[in-house]
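Letter by letter, the chains look like this.
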Amino acid sequence: MLSPSDIKLLAFAQTLELTTRDIYAAAVSRRSLSDDESALLEQFHAHHVAYQQALNGLLSKNATNKRDDAIYASFSAKLSEAQNIWIALLEIENIMIASHTKAIETIESAKAAALVASIITVEARHAAILASQTTTNISTALDNNTSALVAS
Amino acid sequence: MSTFTRRELLRLSGVTLASGLVLAACGKQAGVVDDNAITILGQSPVTTPLTDAEVTDAVLLRTAASLEYNAIETYATALDLGVFTGDLRKVAEIAKRFSADHSEHADAVNSLAVKLGAKEYRCGNTRISESYILPALKLITADDNPNQAMDTVALAHAVENLAAQTYQGVVALLTDPMLRADAIRIGQQEARHAAILAQILNPGLKNIGPTSDAKTGKPNIAAVPSAFGSLANIQLSIGKPKPDGTRTTLILETPSLNSLVYDFVACKA
């Protein structure tokens with residue numbers, strides 16, 4: 001049984017994952033991508049679908065089905081330029097990692113924290129791969145300078 | 001009126017007296033020194049009770065620190081081998097950066113352990129080293145191994161996965177939510193290390209997700225092998241190829257009860 005505080009934190013995490021799912025869907029629809037690039041982004045998109053579904057299962061009737069439209073609009077604008085796709089996706093993955101990690105600081109349920117942790121480690125892999133598509137600078141792949149988004 | 005007859009009373013008192021004598025013979029007599037004259041069969045060694053081994057937050061953090069030193073030692077050995085030449089020169093630079101990250105991580109988790117009142121732990125996990133890393137290095141450095149450089153990268157990749165899994169795994173075990181966040185903050189960077197090394201071992205966009213070897217059917221190394229972070233064992237295939245093309249596979253597992261760095265564990269001199 002989740003506490004009211006955990007429900008709020010996990011529902012916000014689900015909102016972020018729904019938003020990221022839709023950002024990837026928008027990115028995949030770009031014609032500028034090669035087949036291999038599209039396949040990769042479809043795979044990452046599928047992962048975010050799985051994350052929001054897992055959180056949905058944990059939250060049950062307390063689940064949310066709404067993305068954050070403001071964040072989505074902001075990233076849709078960034079995706080309009082073909083050369084920005086990888087950087088924009090790297091940024092949203094890093095924001096996910098920072099936000100989920102911030103949530104774990106206060107999530108009471110160890111089981112829920114473990115689920116979020118299992119999402120974070122793969123989003124970190126996404127970020128490393130996305131960074132490697134834009135630069136050979138290893139620090140871009142390893143360092144996360146984004147700020148966490150927190151539930152209001 | 002009593003129902004006992006005189007004969008029954010005499011018999012009853014006799015039984016009571018005999019029982020008392022037997023019990024007195026079994027008990028220790030006051031003032032009598034035990035001369036160990038009673039013989040025993042076999043030896044009865046002195047037993048030493050086991051030290052209490054409680055899995056606390058501090059123990060989990062010290063264990064994480066030990067894995068950081070395993071990684072640091074692995075990269076130091078890898079660089080000492082001098083195998084990163086030619087096209088793999090960039091790997092040496094990556095190894096140096098990753099090693100520096102592990103030093104920072106070790107300082108961070110040791111600092112957290114000290115805050116909990118525990119001693120810091122500044123050496124590799126002996127069991128991880130003896131069970132996995134040293135046997136792997138023996139296979140890698142064998143004279144007849146034609147893949148020393150890439151096998152060294154494969155070992156580093158396995159160690160990074162081990163570290164990432166360990167941090168992910170302890171999130172469910174740590175009692176303090178702040179420590180869980182600290183753990184995964186480090187763990188996510190280990191996962192990034194692993195993804196980068198996977199792309200060196202099996203490059204290309206097509207190989208980022210899960211694929212399998214056409215000949216053996218075994219899973220290939222992948223930067224993003226699954227949707228959720230796995231806690232399953234890690235397979236490391238290295239060494240001289242056998243006639244059928246397969247190679248020795250070592251199975252690595254995250255530290256368990258027999259390899260945690262408990263409060264009483266100290267670095268070996």
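The rules we used
- Residues numbered from 1 in each chain as written.
- Chains lettered and ligands numbered in written order.
- Predicted model: local features only at pLDDT ≥ 70, side-chain atom pairs only at ≥ 80, totals over all residues.
- Helix = DSSP H or I, 4+ residues; strand = E, 2+ residues; numbered from the N terminus.
- Rg over C-alpha atoms; globule rule 2.2 N^0.38 Å.
- Contact = placed C-beta atoms within 7 Å.
- Buried ≥ 20, exposed ≤ 12 C-beta atoms within 10 Å, placed from the backbone.
- Axes fitted to C-alpha atoms, helices over the stretch in contact; angles between N-to-C directions.
- Parallel < 35°, antiparallel > 145°, perpendicular 65-115°, else oblique.
- Left-handed = near helix turned anticlockwise from the far one by under 90°.
- Nonpolar A, V, L, I, M, F, W, Y, C, P; charged D, E, K, R; others polar.
- pLDDT = per-residue confidence, 0-100.
- Pairing = 2+ DSSP bridges.
- Expected span 1.5 Å × (residues − 1).

Chemist: Would you explain the overall build of chain A in this entry?
Modeler: The helix and strand inventory of chain A stands at six helices and zero strands. What you see in chain A, going N to C, is helices and strands ordered as α-α-α-α-α-α. Compactness check: chain A gives a C-alpha radius of gyration of 15 Å against a globular reference of 15 Å for 152 residues, within 12% of the reference. Judged by the C-alpha coordinates and their principal axes, chain A covers about 45 × 30 × 25 Å. Sequence separation of at least 24 residues holds for 77% of the intrachain contacts in chain A that already meet a minimum separation of 6.

Chemist: I keep staring at the overall build of chain B and nothing clicks. Help me out?
Modeler: Each helix and strand counted, chain B has six helices and two strands in total. For chain B, the sequential pattern of α-helices and β-strands runs α-α-α-α-α-α-β-β. By residue count, 36% of the 269 residues in chain B fall in the buried class. Partitioning the intrachain contacts of chain B with sequence separation of at least 6 by distance along the chain shows that 71% fall at a separation of at least 24.

Chemist: Looking at this model, I keep getting lost on the environment of B:Asn233. Mind explaining?
Modeler: Residue and element names in this part refer to chain B. Residue position: Asn 233 is located in the loop between helix H6 (177-201) and strand E1 (234-238). Here Asn 233 falls in the partly exposed class, since 13 other C-beta atoms lie within 10 Å of it. Sequence separation of Asn 233 and Leu 250 is 17 residues, and the distance between their C-alpha atoms is 9.9 Å. Ignoring sequence-local partners within four residues, the contact set of Asn 233 consists of Ile 251, Leu 252 and Glu 253.

Chemist: What is the right way to look at unusual backbone geometry in this model?
Modeler: Note: most residues except glycine have negative phi, and most peptide bonds are trans. Non-glycine residue A:Ser60 carries a positive phi angle of around 55°. One can find A:Ser60 in the loop between helix H2 (35-59) and helix H3 (69-79).

Chemist: Just checking my understanding: could you explain the packing of helix H4 (residues 85-104) of chain A against helix H5 (residues 110-132) of chain A for this structure?
Modeler: When two helices pack together, their arrangement is given by the angle between their axes and by how far apart the axes lie. All names here are of chain A. For the pair H4 and H5, interaxial distance at closest approach is 9 Å and the crossing angle is 155°. The pairing of H4 with H5 is recorded here as roughly antiparallel in orientation. The interaxial crossing formed by H4 with H5 has left-handed handedness. Contact with H4, carried on its side by Trp 86, Leu 89, Leu 90, Glu 93, Asn 94, Met 96, Ile 97, His 100, Thr 101, Ala 103 and Ile 104, involves Ala 113, Val 116, Ala 117, Ile 119, Ile 120, Glu 123, Ala 124, His 126, Ala 127, Leu 130 and Ala 131 of H5 and no other residues of that element. Residue classes in the contact of H4 with H5 are distributed as 16 nonpolar, four polar and two charged.

Chemist: Where do I start with the environment of A:Val122 in this structure?
Modeler: Relative to the helices and strands, A:Val122 resides in helix H5. Assessed through the 28 C-beta atoms surrounding it within 10 Å, A:Val122 is described here as buried. In sequence terms A:Val122 and A:Ile97 are 25 residues apart; their C-alpha atoms lie 9.4 Å from each other. In this view, A:Val122 contacts A:His47, B:Val224, B:Ala227, B:Phe228 and B:Gly229; residues no more than four positions away in its chain are not counted.

Chemist: Just to check I follow, could you spell out the confidence of the model for chain B for this structure?
Modeler: In regions of low pLDDT, the predicted coordinates are not meant to be interpreted in detail. Summing up the model confidence of chain B, the mean pLDDT is 90 and the portion of residues at 70 or higher is 87%. We note a pTM of 0.88 for the whole complex and an ipTM of 0.97 for its interfaces.

Chemist: Hey, could you run me through the pairing of E1(B) in this one?
Modeler: Remember that side chains alternate between the two faces of the sheet whenever the strand is regular. Residues and elements named next belong to chain B. Where burial is concerned, the two faces of E1 differ: the one with Ile 234, Leu 236 and Ile 238 is buried and the one with Gln 235 and Ser 237 is not. Pairing of E1 with strand E2 (residues 248-252), which is carried by five bridges, proceeds in the antiparallel orientation. When the sheet's bridge partners are listed, Ser 237 is paired in E2 with Thr 249.

Chemist: Explain the interface of chain A and chain B here, please?
Modeler: Often, the extent of an interface is quoted as the loss of accessible area on bringing the components together. Taken together, the 33 residues of chain A in the interface contact 29 residues of chain B. Broken down by secondary-structure element, the contributors of at least two residues to the side of chain A that touches chain B are H2, H4, H5 and helix H6 (138-142) of chain A. Element by element, the count of residues in the side of chain A that touches chain B is highest for H5(A), at 17 residues. The residue makeup of the side of chain A that touches chain B, split by class, is 19 nonpolar, eight polar and six charged.

Chemist: Sorry if this is basic, but what is going on with H5(A) here?
Modeler: In an α-helix, one turn spans 3.6 residues; hence positions three or four apart end up facing the same way. Taking 1.5 Å of rise per residue, 23 residues should cover 33 Å, and H5(A) covers 33 Å from first to last C-alpha, within 8% of that figure. Most of H5(A) sits out of view: 21 of its 23 residues are buried.

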